[in-house]
Each structure stands twice: as C-alpha cells, then as structure tokens.
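Topology and contacts: notes
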Amino acid sequence: MNAASAISGFKSTFRSKTGSAWEDRHKMTARSGKYMWIERSYEEAKPVSKGKKEDVPIPSSQLDHRVQDFCNMIFSSDLMSSALSAMNYDANKLPLGNLSKNTILRGFAALKDLSDVIDAPNGPASTSRGGFRNACDVLSAQYYSIIPHAFGRNRPTPITTKPQLKKELDLVDALGDMEITQKLIDEDHPKDASGNIINPLDGKFQSLDLKFMDPIDSASNEFGKLQEYVTSTHGVTHGHYQAIIKQAFRVERHEEAQRWEDAGHTKLADGERLSSNNVGILLLCEVAAKPFFEQINANYHAHTECGQAGKLATKGLGRTQPAGWQDAGEVLGHDELKGCWMPKDGLTNVPGTGFGWLQYNEYIVYQTSQIKLRYLLMVQMGNGW
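Residues numbered from 1 in each chain as written. Predicted model: local features only at pLDDT ≥ 70, side-chain atom pairs only at ≥ 80, totals over all residues. Heavy atoms only, no water.

1. Considering the sheet that holds strand β9 (residues 362-365)
Which entries qualify depends on this criterion: Criterion used throughout: strands pair if DSSP finds at least two bridges between them. Strands here are runs of E lasting at least two residues and helices are runs of H or I lasting at least four, both read from the DSSP assignment and numbered beginning at the N terminus. Think of each axis as a best-fit line through the C-alpha atoms, taken over the contacting stretch in the case of a helix, with angles from 0 to 180 degrees between the N-to-C directions.
The strand order β5-β6-β9 describes an open sheet built from 3 strands, whose pairing is mixed. Each of the sheet's edge strands pairs with one partner strand only, and the pair in question is β5 (292-295) and β9. For this sheet, the mean inter-axis angle between neighbouring strands, taken without regard to orientation, is 25 degrees. Relative to strand β6 (residues 313-316), β5 is paired through 4 bridges, and the arrangement is parallel. By the bridge assignment, Q295 is partnered in β6 with G316.

2. Side note on the confidence of the model for the protein chain
Where we set the bar: The predictor attaches a confidence to each residue, called pLDDT, with possible values from 0 through 100. It only takes one pair of heavy atoms within 4.5 Å for two residues to be counted as in contact.
Scored by pLDDT, the protein chain has a mean of 83; 85% of the residues are at 70 or more. In the model of the protein chain, strand β3 (residues 268-276) stands out as the element of lowest mean pLDDT, 51, in contrast to strand β1 (residues 210-215), which has the highest, 95. Note on residues 44-53: pLDDT under 50 across the span, and 2 contacts to partners over four residues away in sequence or across chains.

3. Quick notes on the packing of aromatic side chains
What counts, and what does not: By convention, a stacked pair of Phe, Tyr or Trp rings (six-membered ring in the case of Trp) has centres within 6.5 Å and planes under 30 degrees apart, an edge-to-face pair has planes over 60 apart, and any other such pair is tilted. Remark: exposure states derive from per-residue accessible area (1.4 Å probe, protein chains only) relative to the maximum for the residue type, with buried under 20%, exposed over 50%, and partly exposed in between. A ring has a charge above it when a Lys NZ or an Arg CZ is no more than 6 Å from the ring centre and no more than 35 degrees off the ring normal.
Inspection of every chain in the model, using the stated rule, returns 7 aromatic pairs. A centroid spacing of 5.1 Å and a plane angle of 75 degrees characterise the contact between F10 and W22, whose relative ring orientation is edge-to-face. Here the residue F10 occupies a position in helix α1 (residues 3-18), and W22 occupies one in the loop between α1 and α2 (65-74), the gap between them amounting to 12 residues. For F10, a relative accessible area of 43% gives the class partly exposed. W22 sits in the partly exposed class, given a relative accessible area of 23%. Over the ring of W22 we find R25; its NZ or CZ atom is 3.9 Å from the centre of that ring.

4. So, helix α3 (residues 77-86)
For clarity, the threshold we go by: Directions drawn from the helix axis to the C-beta atoms are what define this arc.
By the burial criterion, the buried members of α3 are L79, M80, A83 and L84. Buried residues of α3, seen end-on, are gathered within an arc of 130 degrees and therefore sit on one face of the element. Facing away from the buried side of α3 by over 90 degrees, the exposed positions are D78 and A86. N88 sits one or two residues past α3 and shows a positive phi near 70 degrees.

5. Things to note about the nonpolar core
In plain terms, the rule: To form a nonpolar core, buried Ala, Val, Leu, Ile, Met, Phe, Trp, Tyr and Cys residues must be joined to one another through side-chain atoms within 4.5 Å.
Within the largest apolar cluster, 29 residues are counted, with the highest numbers of intra-cluster contacts made by Y89, L111, Y143, I147, I159, L171 and L175. If we ignore the near neighbours within four places in the chain, the residues touching I147 are Y89, T103, G107, L171, V172 and L175.

6. Overview of the side chain of S20
With respect to the helices and strands, the residue S20 is situated in the loop between α1 and α2. Leaving out residues up to four positions away in the same chain, S20 has contacts with F14, R15, M28 and R31.

7. Here we look at helix α9 (residues 221-232)
An α-helical turn contains 3.6 residues, so a residue and the one three or four places further along point in the same direction. Spelled out, the test is: To estimate how far a helix should reach, multiply one less than its number of residues by 1.5 Å.
With 12 residues, α9 should reach 16 Å at 1.5 Å per residue; the first-to-last C-alpha distance of 16 Å fits that figure. Three or more residues of α9 are buried, namely E222, F223, L226, Q227, Y229 and V230. For α9, the angular spread of the buried residues around the axis is 155 degrees, confining them to a single face.

8. Focus: the pattern of salt bridges
Quick reminder of the rule: Take a side-chain nitrogen of Lys or Arg and a carboxyl oxygen of Asp or Glu: if they are within 4 Å of each other, that pair is a salt bridge.
Overall, the coordinates contain 14 salt bridges when judged by the stated rule. Among the salt bridges present, the one from K166 reaches D170, with a minimum N-O distance of 3.0 Å. Residue K166 and its partner D170 are located together in helix α7 (residues 162-186), separated by 4 residues, close to a single helical turn. Note on K166: relative accessible area 45%, which makes it partly exposed. One connected set of salt bridges, linked through shared partners, spans E286, E336, K372 and R374.

9. Let's talk about the environment of N349
The cut-off we apply is this: The term polar contact refers here to a pair of N or O atoms within 3.5 Å; inside protein, the definition further demands a hydrogen-donor-capable atom paired with an acceptor-capable atom, and it admits residues adjacent in sequence only when both atoms are side-chain atoms.
Mapped onto the secondary structure, N349 falls in strand β8 (residues 341-349). Each C-alpha atom, one on N349 and one on T320, is 4.4 Å from the other, the two residues being 29 residues apart in sequence. When residues no more than four places from it in sequence are discounted, the contact partners of N349 are R319 and T320. Side chain to side chain, N349 and T320 meet in a polar contact 3.0 Å long.

Printed below as a string of structure tokens:
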C-alpha cells in the first residue's frame, strides 16, 4: 500500500469511528455511540549531534536552601500526578506532556455548556437537548471525551450540580497550570538573561517571574504574627486539621508594584490557598478592594453591577467574619504594608438573618492591578488540633 492509499484508508476509518471528517477534527463535537478525537501535543524531536556527546557541566544552585525546598515541591512531577489522580484525571490516556492548550480550552467550553444547563434546568439549553437529565448526560459525556477521567469499571458520573461543576472547573484550571509547569520540568539546560547555563532548579525559579523571594527567620516576630494570622482565621468548618507554617517568604512580582501605583489603590489583606497532599501554599496578598459591592446571595451579574455601582470589588458577606481589623504594617513590622488592614482577634459569628449561604467573607476583584503579592507560606497540614 502506498502513502496515498494509507492516508485515504485512515481518513475513511476516522470518519466511520467518529462521524466527522479528519479535516474537521478541530471543530468536531462528540456524538452518541462514536469516538471523540483528543488532540495531543507532540514536540519536535531534538536534533541528535553526530559528533561525540559532551557532558554539560551543571552549576550549583544559587538559591537559598529554603527556596530550593519550595521549588522542588511545586515542580515535582510525582506531586502533579498524585494531585491529578485525586481529581480522577486519567494521565495514562492523555499524559501532561502531550496535553495541548486547545484541548484545555475545549474542556472549558464543554463545562460552559453544562453550566448553562445547570443554571437554568428548564431553559433553552436544557429543552433543546431533551430536558435537564438528558442534557446533563449528553454534555457530561462530551466533556469526558475531551478531558479523560479514570472511572475504572464504574459508569461515568453525569455532572448535574454546581459543586460537581466547580470540581471539574478546578481540574481543567489545574491542567492549564500543569501543562506549563511540565514544559518547564522537561527543559534540559535553562539559561539566564546573558545566555549562561544555570542550575535547572534556578531556571524553574526564574520562570516564576519574582523580583525577590526572601525567607523570613522562623524566630522573628513577623513569622510568629503570620502563624497567629493563619491560626486565628482558621474556621470551624476546617477544624479537622491544623496548619503550621514550615517556611515563610516575603515576595514581590516584577512590575506589580508599578501597576498598583499607577492605579492609586487603597488596601486590604487577603489570602489564597493552594494545597497538595499534606503541604499547602498560602499566598497573602495586598488587595485594593474598597469600596465594596456587598452581596448576600449568588449574583451571576456581579461583575457588571459592581462596575455600574462604581465599586472596586464584590464582597460576599459570610456568616462568620473577622472579629476586628488591625494595621498589617504595624503588626508585621513591614513598612510597605502600613495602611493595609488584616483580621484581628479571630473570627466571630454574625447575628441576625441578613446573610446568605456563604460561611466566610469572599472578595472578588476584576483587575490584576488590584492585587500585590506580599507573602508566600509553606504550610504543613495535619489532623486535629
């Protein structure tokens, strides 16, 4: 069989298995009883030198040993695989190294269709697909055909609720981050701005685009106050584990301070948690949030209405809130944080019935210039108190 016949035969088989032409694979949609094409990224093979291969000397890392520990953790392939496995992602069918950006975007698009159905069970997105249950079954199958999951011998679970949808959105979001990280891990000989080969760990740190990442002495008052902050804002719904700071760093991203100054913001301290296994990463940020657009119930138009109201951030009012507020710069001995407010005296339950379903306050900002990264904490997560 010559090449032309082989290609023709392949295209014919592809159409019979998927119901779509090979040329239309990028815009194809899943069909009942048919296979779905999953795009994989295949990097070009690196040229092999015909001469004698020389070993490239690898310089020692110039990073502080505490920063090295952090980089070794977040750039661990085993850690990423473990995290994805916990989220039911099937890396055997589509390894991270072969995951394409287009596949991730298609995953988000499939979840957007599901979101339309779940938000309006009797709306047109549902009725056009035979009702809520059938629409969820069909759209879930389409999503699973794009983002492979490991269900074993069990029937794939239809996505019918907002918590299920949120879990899958978190998975696809994580895949986007890990796709970038995997490429950094696979890089052989990273170089600095001058073209000099550097230690692979230093290259990975360089990719974080941090202006600095300075370790904080664990015996310092600043470290102790940060631990107090983590402990005192630990809500009752998370009482089954404790959080102990292993390492704390002052951090700043390039150009972030200038964007902030150009916008002329006021300040509020807030945190974002990222976790994996029994070690979590807690990011503490200075956030320009006032004036607030306060909400007590879900509002899918909050972004638009917040702007129309002339507010900087949407604030979801929780039933449990900080008991008081204090100046972060004064408490932490950080002059640049003076005027930035952080919680004080733990948490308290708010009396009355004027609050919705949120357990804790949540803040949403809409511009990157409203956020300035200040601290990165490596937190050990353990059971009980």
